[in-house]
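Residue-level listing of the chains:
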Amino acid sequence: MLRGLGAVLAVLLVIGLAADAYAQSFFDSLPSIQGLDSAAFAGDTLITDSSGKTVLADVGNHGDHRLAVKLKDVSPVAVQATVAIEDKGFYTNPGIDFQGIVRAAFDNIRAGHVVGGGSTITQQLAKQQFLTPDQTVTRKIKELALAYELSQTYSKDQIMELYLNKSFYGSQSYGIEAASESYFQVPASKLDLAQSAMLAGLPQAPTEWNPVLHPDQAKLRQTEVLRAMVRSNFISQEDMDKALAEKLNYYAPVNRYKAPHFVDYVLAELRQLGFQPGIQQLNVKTTLDWTMQQVGESTVANNMSRIACNARHSNYGCDIRGVLSSGLVAIDPHTGDFMVMVGSPNYNSDGGQINYTTIPRNMGSSMKPYTYGAVINARAATVDTPVYDGPSPLIYKDAYSTTKIYNYDGKTHGVLPLKKAMGNSLNIAAVKVELSIGVPSVLSWMRGMNVRPRYVIANRDGSFGGYDANAPSDEYGPSLTLGGYPITLLEHVDGIATYADMGVYHSPEAVLQVTDSHGKVLYSTHPDQRARAAVDPGVAFIMAQIMADDQNRCMIFGCNSALHWKDRTVAAKTGTTDNFKDAVTVAFTPDLAVGLWVGDIKDNRFTMISGSDGVFVASPGVHEFVSRALVNVPGNRWYTKPPGVVSGPNNSWYLADTTKVDKLPGDNPPSPTPSAPAYVVPPDPGGPVLASPVPTVCPTPSILPPCH
C-alpha cells in the first residue's frame, strides 16, 4: 500500500510539475501588458485604387481623428453608459465574467453560430490591443489570460481610460474624445445623458449604428443603452424618457479622401475582415477604377445639374421644398468588383456622408426584370406569351387587405406579348406575371441573386422598427414586382450583374489585397472564390435580349429614348416609385453593370414634382456614364447564344424546351381582345401599388427632358 501510494503521489507530482511548466510557458508566450498608454495608439493605413498608383486615402494622419483623453475629463454619465451596455459587472469582476461566457455559449449553441462572446470591457481591450481577430479556442484562452493580467496590473479606472481611447466610434473617430468632438462638437467632459447613450452604443457596430449614416438604427441602439442604464440603477425611467425626447444634432468630419464613400465602405470591409485600419500599418489595394470613378462623379454632378430647379430644366426632378440626392454604383460583372461608387453628389454637404448606394430605397419598376426572369425560368411563359393588360384596376385580395393595381396612366393596353409588357413596364401585366407563379417563387428568385427586399417592421405605436431582409415569404405581397419593398442600389446592381455574366453571381468586393508594411500578404481575394451559378444562362441571355431591344418599350417610352444607345447594345430598365419619391435606372453590357438612383432624402412629405420619371431623371445619367466609361470598348460586344436557347421571329428567344406557351397561367383576356389605344405618355410607370397622377402629354423623350 505504501509503495502504491508513493507511486500515485509521484505521478501526481509529475503531472503537477508538467502543468506548472505548461502554465509558465503559456504565460511567457503572452505579449507584455506593461507600459500601456492611450497616447501611444497609432498607425496609418494606405488605401489605393486597383492600379496601386492612385492613393485614395491615408487613414491615420489624414482625415482620421484621434484624441487621447484622461478619464477625469470624460463625463461620468458616459462612463456609466459604457459600463451598462458593455460590462455591467466591470467594477467587481476580475476582468472576466464567467457567467457571461457560459450565457454566451448557450446562446451560440441555440443559434447554431456565434452570436456573442460574453466579453468584458477588459477582454475587449485585450483583444483590440494584443490579439488577432481569428475565432479559435487558443485565442479566446489568451484573451482571458490577458484580461486577468490586465485586471491585476491596472486599476479599473486605468482600464476604462484605455478602453475609451482605444474604441472606434465610426465617422473616422477613434476614442471617445474624438467621437464627442466629431458627432456633437463638444468635449467628452460635456456629454449629456442622451449624447453619452448614443456614443456608448457605437463600438460594437460603429458603421451599422452610426447616427450620421443610419439615424433610425442609432436611435434604437440609444434606447437599448438607456434601458441598460435603468436596469443598472444608474438613471431613472424619468431620466431615460427625457433623454429619448432630446433632439440630437449630429455632425460629420470634413473629408478630403478621393472617392470618400468608397473609402468608408473599404474601411468597414477591412474591419469585417478583422483588421484595424488607421491603427495597423496596412497597404490596401482596392477594386476601384479611379479613371472610371471620376467619370461617375462628374456624371452624377451633371445629372443633378440637369434636373435642378431652374428656368431651363424645371419640369423633371425638381424638388423646391425638399432635398435631392443621388448615388451611382458600377460593378464588373465578371468578378463582382466595384469599379465605381458615388454615394452622394457631395460628401461634405448636408447629409452628404450618407452612402445612398448602400441604404435601402424603393426601386420601383426596375425590379421587374427579376419577376420576368423567374417566370421564364419556371417555363410558365415565353417572351411571346400573350398577356392581357387589364382589367383596371386589377384587384388583389388576401386575408388582410384588398389592393388595387393601376398602370401609370390609369388605362389598359390590350393583349401584348410578354416581352413588350415588360419593356413598356405595365404594372397590371407585371403583377399578373408575378402571380402566375406566386410571390414566394419570385422572392426566392431574387434572393438567389442576393437581392433581398426588406420587410418593414413597425413598432406597436406605428413608428419605424427596422427592416427584415429575411422575412417569411408570406409577409410579401404583389407589390414586390413593383418595387414596394426596399433594397439597396448596390445589391440591385449586383443582381443585374448576374444577368450580365450569363447567370453567374459574384459577391461584391471592394478589397483586392492587404499587405503589411513589409509587403507580406495578409489578405487576398479571387473572383472564382466568390462565384456561384445562380441563374440558367439561357434565362439570363433572354432577359438581356428583352432589356436591350428598344422595340419592346417604344409604345410607352418612345423609340430612341435615353434607354437606347445608337452606338452600342445595352440592356436597361427604369423604375419610379409612387408619388415620385425615387427614380432609378439600371443597365448592363458584358463589361459593366451600373445603377443610378435619384430621389428626395427628406421625410415622406417631400417628393420630386409630378412627371419625374426614371427615364427623365436617372436614365440620362446612366446613358452618359455608359457612353463615357466604355468609350474605348467596341459597341458591338454582346452575348453569344448559350446552349439551350433557340431564336424566333422579331428578336424573340426561347428556352429550347419551352418554345411556346399559349396562355399565362391565371390570365383571362376578354373576347374579343381589345386593341391597344394610340397615345403618347411620359414614361416609367411604376409606383409600388397606386397609379401616379395623370401625366402631361409630351413628345417622344430624348436624352434631355423634351418639354415643359
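Here the structure is a predicted model, which means the values were calculated and not measured.

Student: In this structure, what is going on with the overall build of the protein chain? I would like to understand it.
Tutor: For the protein chain, the count of helices and strands is 21 helices and 22 strands. For the protein chain, the share of sequence-separated contacts (at least 6 apart) that also reach a separation of at least 24 residues comes to 74%. Counting only carbon and sulfur atoms, one obtains 54% of the accessible surface of the protein chain, whose full area is about 29900 Å².

Student: Is there a simple way to think about the packing of aromatic side chains in this case?
Tutor: Aromatic rings considered in pairs are described by the distance between their centres and by the relative angle of their planes. Enumeration according to the criterion identifies 12 aromatic pairs in this entry. Between Phe 168 and Tyr 174 the ring centres are 4.6 Å apart and the planes differ by 45°, which places this aromatic pair in the tilted class. Judged on exposure class, the residue Phe 168 and its partner Tyr 174 are both buried. With a centroid separation of 4.7 Å and an interplanar angle of 65°, the aromatic rings of Trp 638 and Tyr 639 are classed as edge-to-face. A network of ring pairs unites the aromatic residues Tyr 183, Phe 184 and Tyr 250 as a single cluster.

Student: Explanation requested: the packing of helix H15 (residues 427–437) against helix H16 (residues 439–448) in the structure shown.
Tutor: If you want to describe how two helices pack, look at the angle between their axes and the distance between the axes. Following both chains from N to C, one finds H15 and H16 inclined at 95°, their axes separated by 6 Å at the closest point. Taken together, the axes of H15 and H16 are roughly perpendicular relative to one another. Residues Glu 434, Leu 435 and Ile 437 of H15 form the contact with H16, whose own contacting residues are Val 439, Ser 441 and Val 442. In terms of residue class, the contact of H15 with H16 is made up of 4 nonpolar, 1 polar and 1 charged.

Student: What is the right way to look at the pairing of strand E7 (residues 338–342) in this model?
Tutor: Across a regular strand the side chains alternate sides, sitting on one face of the sheet and then on the other. Burial within E7 is extensive, with 5 of its 5 residues counted as buried. As judged from the 4 bridges shared by strand E6 (residues 324–331) and E7, these two strands associate in the antiparallel manner. Bridge pairing links Ala 330 to Val 340 in E7.

Student: Can you help me understand the state of the cysteines in this one?
Tutor: Applying the stated criterion across every chain yields a total of 1 disulfide. Disulfide pairing places Cys 554 opposite Cys 559 at an S-S distance of 2.0 Å. Judged by the torsion about the S-S bond (125°), the Cys 554/Cys 559 disulfide is right-handed.

Student: Can you walk me through the nonpolar core in this structure?
Tutor: A general feature of soluble globular proteins is that nonpolar side chains tend to end up buried together. In this structure, Tyr 499, Phe 588 and Phe 625 are the most contacted members of the largest nonpolar core, which totals 128 residues. With 9 residues, the single largest contributor to this core is helix H18 (residues 537–548). In terms of nonpolar packing, the next biggest core, distinct from the first, is built from 47 residues, Leu 30, Leu 71, Leu 191 and Leu 226 among them.

Student: How should I be thinking about the pairing of E6 in this particular structure?
Tutor: For E6, a buried count of 7 out of 8 residues is recorded, marking the element as mostly surrounded by other parts of the structure. The pairing of E6 with strand E20 (residues 592–600) spans 8 bridges and is classified as antiparallel. Note that in E20 the partner of Ala 330 across the bridge is Val 594. Remark: 6 residues form the turn of the hairpin made by E6 and E7, two consecutive strands paired antiparallel; Gly 336 in that turn has positive phi of roughly 80°.

Student: Got a minute to help me understand the sheet that holds strand E1 (residues 45–48) in this structure?
Tutor: Pairing between the strands of a sheet comes from backbone hydrogen bonds, and it takes one of two forms, parallel or antiparallel. Within the open sheet, the 5 strands sit side by side as E2-E1-E5-E15-E16. Their pairing is mixed. Edge positions in the open sheet fall to strand E2 (55–59) and strand E16 (521–524), since each of these has one partner strand only. Strand-to-strand twist in this sheet, taken as the mean axis angle between neighbours without regard to direction, amounts to 15°. The pairing of strand E5 (residues 282–286) with strand E15 (residues 511–516) spans 5 bridges and is antiparallel. In the strand pairing of E15, Asn 283 is matched with Thr 515.

Student: Where do I start with the pattern of salt bridges in this structure?
Tutor: For side chains of opposite charge, pairing can occur when their charged atoms come near one another. By the definition in use, this model includes 15 salt bridges. Salt-bridge contacts for Arg 553 lead to Asp 550; the nearest nitrogen and oxygen are separated by 3.1 Å. Among the residues examined, Arg 553 registers a relative accessible area of 4% and is labelled buried. Across the salt bridge formed by Asp 600 and Lys 581, the nearest N and O atoms sit 3.0 Å from each other. Here the residue Asp 600 occupies a position in strand E20, and Lys 581 occupies one in the loop between strand E18 (571–576) and strand E19 (582–589), the gap between them amounting to 19 residues. Accessibility expressed as a relative area gives 0% for Asp 600, which makes it buried. The exposure class of Lys 581 is buried, given its relative accessible area of 10%. Among the charged side chains, a network of salt bridges with common partners joins Arg 306, Glu 624 and Arg 628.

Student: Just to check I follow, could you spell out the sheet that holds E19 for this structure?
Tutor: Pairing in this open sheet of 5 strands is antiparallel, and the strands run E7-E6-E20-E19-E18 from one edge to the other. Two strands bound the open sheet, and with one partner strand each, they are E7 and E18. Strand-to-strand twist across the sheet, computed as the mean angle between neighbouring axes with direction ignored, equals 5°. Sheet topology places E18 next to E19; 6 bridges connect them, and they run antiparallel. Counted as the bridge partner of Thr 574 is Thr 585 from E19.

Student: Is there a simple way to think about the confidence of the model for the protein chain in this case?
Tutor: Regions with low pLDDT should not have their predicted coordinates read in detail. In this model, the protein chain carries an average pLDDT of 85, and 83% of its residues clear a pLDDT of 70 or more. Here residues 113–117 scores under 50 on pLDDT; set against residues more than four positions off or in separate chains, the count is 9 contacts. In the predicted structure, residues 673–708 sits below a pLDDT of 50 and forms 111 contacts with residues beyond four places in sequence or in another chain.

Student: Explain the environment of Gln 123 here, please?
Tutor: By the element assignment, Gln 123 lies in helix H4 (residues 121–130). By relative accessible area, which is 0% here, Gln 123 ends up buried. Spatially, the C-alpha atom of Gln 123 lies 10.0 Å from that of Tyr 163, the residues being 40 residues apart in sequence.

Student: How do you make sense of helix H7 (residues 176–184) when you look at a structure like this?
Tutor: Note on helix geometry: an α-helix contains 3.6 residues per turn, so any two residues three or four positions apart are oriented the same way. Of all 9 residues in H7, 8 are buried, a share of seventy percent or more. Burial in H7 covers these residues: Ile 176, Glu 177, Ala 178, Ala 179, Ser 180, Ser 182, Tyr 183 and Phe 184. Looking at the buried residues of H7, the elements they touch are strand E3 (65–66), helix H2 (76–86), helix H6 (156–166), strand E4 (173–174) and helix H8 (193–200). Directly after H7, the chain includes Gln 185, whose backbone phi takes a positive value near 55°.

Student: Which parts of the structure should I look at to understand the packing of helix H9 (residues 215–231) against helix H10 (residues 237–245)?
Tutor: At their nearest, the axes of H9 and H10 sit 9 Å apart, and the two run at 165° to each other. It follows that H9 is roughly antiparallel to H10 by the angle criterion. At the point where H9 passes H10, the crossing takes the right-handed sense. Only Gln 237, Met 240, Ala 243 and Leu 244 of H10 make contact with H9, whose side of the interface consists of Lys 219, Gln 222, Thr 223, Leu 226, Arg 227 and Val 230.

Student: Before we go on, may I ask you to explain the side chain of Arg 306 in this structure?
Tutor: Here Arg 306 shows up in helix H12 (residues 290–306). A polar contact of 3.3 Å, which involves the side chain of Arg 306, links it to the side chain of Glu 624.

Student: Can you help me understand the side chain of Thr 488 in this one?
Tutor: Locating Thr 488 in the fold gives a position in the loop between strand E13 (464–468) and helix H17 (489–500). Judged by relative accessible area, which is 6%, Thr 488 ranks as buried. At a separation of 3.1 Å, a polar atom in the side chain of Thr 488 contacts the main-chain amide nitrogen of Glu 491.

Conventions we followed
- Residues numbered from 1 in each chain as written.
- Predicted model: local features only at pLDDT ≥ 70, side-chain atom pairs only at ≥ 80, totals over all residues.
- Heavy atoms only, no water.
- Helix = DSSP H or I, 4+ residues; strand = E, 2+ residues; numbered from the N terminus.
- Contact = heavy atoms within 4.5 Å.
- Areas by Shrake-Rupley, 256 points an atom, 1.4 Å probe, with all protein chains shown as cover.
- Phe/Tyr/Trp six-rings, centres within 6.5 Å; stacked < 30°, edge-to-face > 60°.
- Buried < 20%, exposed > 50% of the residue type's maximum accessible area, 1.4 Å probe, protein only.
- Axes fitted to C-alpha atoms, helices over the stretch in contact; angles between N-to-C directions.
- Parallel < 35°, antiparallel > 145°, perpendicular 65-115°, else oblique.
- Nonpolar A, V, L, I, M, F, W, Y, C, P; charged D, E, K, R; others polar.
- Pairing = 2+ DSSP bridges.
- Disulfide = S-S within 2.5 Å.
- Core = buried A, V, L, I, M, F, W, Y, C linked by side-chain atoms within 4.5 Å.
- Salt bridge = Lys/Arg side-chain N within 4 Å of Asp/Glu carboxyl O.
- pLDDT = per-residue confidence, 0-100.
- Left-handed = near helix turned anticlockwise from the far one by under 90°.
- Polar contact = N/O pair within 3.5 Å; in protein donor to acceptor, adjacent residues only side chain to side chain.

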